[in-house]
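Secondary and tertiary structure notes
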Amino acid sequence: MATAQPLILPEAGPFALYVVMKATGDTKALVERCQQVHSLVDEINSQQPGAELRASIAFGKAFWTSLEKGSPAEFEDFAPLGEGEVTAPATGGDVLLHLNSSRHDLNFYLLRQFISPIAEHVEVLDETYGFKYLDSRDMTDFVDGTENPKTLEARQDVALIKEGDFAGGSFVMLQRFVHNLPAWNRLNIQAQEKVVGRTKPDSIELEDVPAASHVGRVDIKEEGKGLKIVRHSLPYGSVSGDHGLLFIAYCHTQHNFRAMLESMYGHTDGKTDQLLRFTTAVTGAYFFAPSVEMLNSL
Ligand code: HEM
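Keep in mind the model is a prediction, meaning the values are calculated, not measured. (Residues numbered from 1 in each chain as written. Predicted model: local features only at pLDDT ≥ 70, side-chain atom pairs only at ≥ 80, totals over all residues. Heavy atoms only, no water.)

Let us look at the overall build of the chain. Summing up its helical and strand segments, the chain has nine helices and 14 strands in all. The globule rule puts the C-alpha radius of gyration for 298 residues at 19 Å, and the 19 Å found for the chain is close to it. For the chain, buried positions account for 50% of its 298 residues. Put simply, of all contacts in the chain between residues at least 6 apart along the chain, 78% involve residues at least 24 apart. Total accessible area on the chain is roughly 13700 Å²; 51% of this is exposed by carbon and sulfur atoms. Within the chain, the 40 negative side-chain charges are centred at a point lying 3 Å from the centre of the 26 positive side-chain charges. (Helix = DSSP H or I, 4+ residues; strand = E, 2+ residues; numbered from the N terminus. Rg over C-alpha atoms; globule rule 2.2 N^0.38 Å. Buried < 20%, exposed > 50% of the residue type's maximum accessible area, 1.4 Å probe, protein only. Contact = heavy atoms within 4.5 Å. Areas by Shrake-Rupley, 256 points an atom, 1.4 Å probe, with all protein chains shown as cover. Lys, Arg positive; Asp, Glu negative; His and termini not counted. Charge placed at Lys NZ, Arg CZ, Asp CG, Glu CD.)

Take the packing of aromatic side chains next. Scanning the entire structure with this criterion turns up 12 aromatic pairs. Ring centres 5.8 Å apart and planes at 15° place the aromatic pair Phe59 and Phe63 in the stacked group. Across this residue pair, the class does not change: Phe59 and Phe63 are buried. Taking the centre distance of 6.1 Å and the plane angle of 50° together, the rings of Phe75 and Phe288 count as tilted. Note that Phe75 is positioned in the loop between α2 (61–66) and β3 (81–83) and Phe288 in strand β14 (residues 285–289), a separation of 213 residues in sequence. There is no split in this pair, since Phe75 and Phe288 are both buried. In this structure an aromatic cluster arises from ring pairing among Phe59, Phe63, Trp64, Phe75, Phe166, Phe171 and Phe288. (Phe/Tyr/Trp six-rings, centres within 6.5 Å; stacked < 30°, edge-to-face > 60°.)

Let's shift gears to helix α6 (residues 189–196). Along α6, the residues that are buried comprise Gln192, Glu193, Val195 and Val196. Each buried residue of α6 sits inside an arc of 155° when the element is viewed along its axis, so together they form one side. Residues of α6 that are exposed and angled more than 90 degrees away from the buried face: Gln190 and Lys194. Contacts from the buried residues of α6 go to α5 (181–185) and α7 (214–218). At the N-terminal boundary of α6, the capping side chain belongs to Asn188, with an oxygen 3.2 Å from the backbone nitrogen of Gln190. Downstream of α6 by one or two residues, Gly197 has phi in the positive range, about 95°. (Arc of directions from axis to C-beta. Polar contact = N/O pair within 3.5 Å; in protein donor to acceptor, adjacent residues only side chain to side chain.)

Here the focus is the site of the ligand. Close to the ligand lie 25 residues, the nearest being Gly145, Thr146, Glu147, His214 and Arg231. At 3.0 Å, a backbone N or O of Thr146 approaches an oxygen atom of the ligand. In this structure, His214 approaches the ligand through a side-chain N or O atom, which is 2.8 Å from a nitrogen atom. Breaking the shell around the ligand down by element, the ones donating at least two residues are β7 (170–179), α7, β12 (243–251) and α8 (254–264). It is β7 that contributes the most residues to the shell around the ligand, four residues altogether. Tallied by class, the residues present in the shell around the ligand amount to 13 nonpolar, six polar and six charged. (Near = heavy atom within 4 Å. Nonpolar A, V, L, I, M, F, W, Y, C, P; charged D, E, K, R; others polar.)

Of all hydrophobic cores here, the largest spans 59 residues; its most connected members are Ile57, Leu97, Phe114 and Tyr265. In terms of residue count, the dominant contributor to this core is helix α1 (residues 27–47) (eight residues). If near-sequence neighbours (up to four positions away) are discounted, Ile57 is found in contact with Gln5, Cys34, Val37, Val95, Leu96, Leu97, Phe114, Phe288, Ala289, Pro290 and Leu295. Ranked by size, the runner-up nonpolar core spans 24 residues in total, among them Val178, Val230, Leu234 and Phe287. (Core = buried A, V, L, I, M, F, W, Y, C linked by side-chain atoms within 4.5 Å.)

Once that is clear, we can look at the environment of His38. Locating His38 in the fold gives a position in helix α1. With a relative accessible area of 13%, His38 lands in the buried category. For the pair His38 and Arg112, spaced 74 residues apart in sequence, the C-alpha to C-alpha distance is 15 Å. At 2.9 Å, the side chain of His38 and the side chain of Gln5 are in polar contact.

Along the polypeptide, Thr87 turns up in strand β4 (residues 86–88). Residues Thr87 and Thr280, spaced 193 residues apart in sequence, show a C-alpha to C-alpha distance of 7.6 Å. Those residues in contact with Thr87, other than ones at most four positions away along the chain, are Leu81, Gly82, Tyr265 and Ala281.

The residues that UniProt annotates with the feature "domain: Dyp-type peroxidase C-terminal" (unreviewed entry) are residues 135–293. Between the end C-alpha atoms of residues 135–293 the distance is 36 Å, and the span holds 25% helix and 23% strand. (UniProt positions renumbered as here; feature names shortened; annotations may be inferred.)

Here it is as structure tokens:
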């Protein structure tokens, strides 16, 4: 089987960097730089033992299509969702660089190395540094990741396209959420648990998960089988400025993302995810992360 990009399958380390870029100049120079990312990472890892730096590079639909490598059949652009108070924008992007490591400084260092020779060919649309918070909690203070596929086999099964021209590749969904923590913290613990659908101290699923809770919206079964995605989200931000969750996930099919988003934003049955009363998406995009072999062949 084709090789998945190194970041996708291992569990996320404590520090991440999510960079969404727009191509503004020489596409060829940009693609060549993308092809060099994994050797840049190897170099840094050999100089910095224990860094566990890993990367994945993914492309937005228009940019990918321009490379004339064909397109996975279901590859679509992110469409805006919701209405009224609860909406999600589609903000696009040509290239996504996703880094993960045990050190914040090395994520920064790698991005500088990556950008410096191609600075005139890209514009950075969003550069967000994520960090593991407490015992893997989101800033709502609920554990995030409990139901994420755990074993390598399960993660492979969920994240990677199995066969055909795009085998070893993966679809990526990204949304940056800004939390309203003062509003969230006005709820008592029982009310917060009803919004999430799990208990706060130990992340146990409630006996009666409310249909409009977050878990009630995204734990979807089709023909008796649960829809799964591999999440790599981490909290980000500053206390005095924006903060929240950088949501990012990988999947062998875009269908699972769409089904979850439509359920969260009221498109499926009119019910909206109650968590969205306390957090707002400010970015939204889909990307495709080709296998290492396909990336090298672009
Ligand atoms: C579960 C937080 C956005 C998909 C969870 C859980 C929390 C959480 C606390 C329960 C623990 C766990 O299983 O990880 C958040 C926050 C979000 C957010 C704070 C935004 C600010 C999203 C989005 C999606 C999503 C946008 C997908 C479109 C899932 C899935 C689960 C989950 C699939 C596991 C459900 C299950 O099988 O029980 N999330 N989430 N989440 N979330 Fe989110």
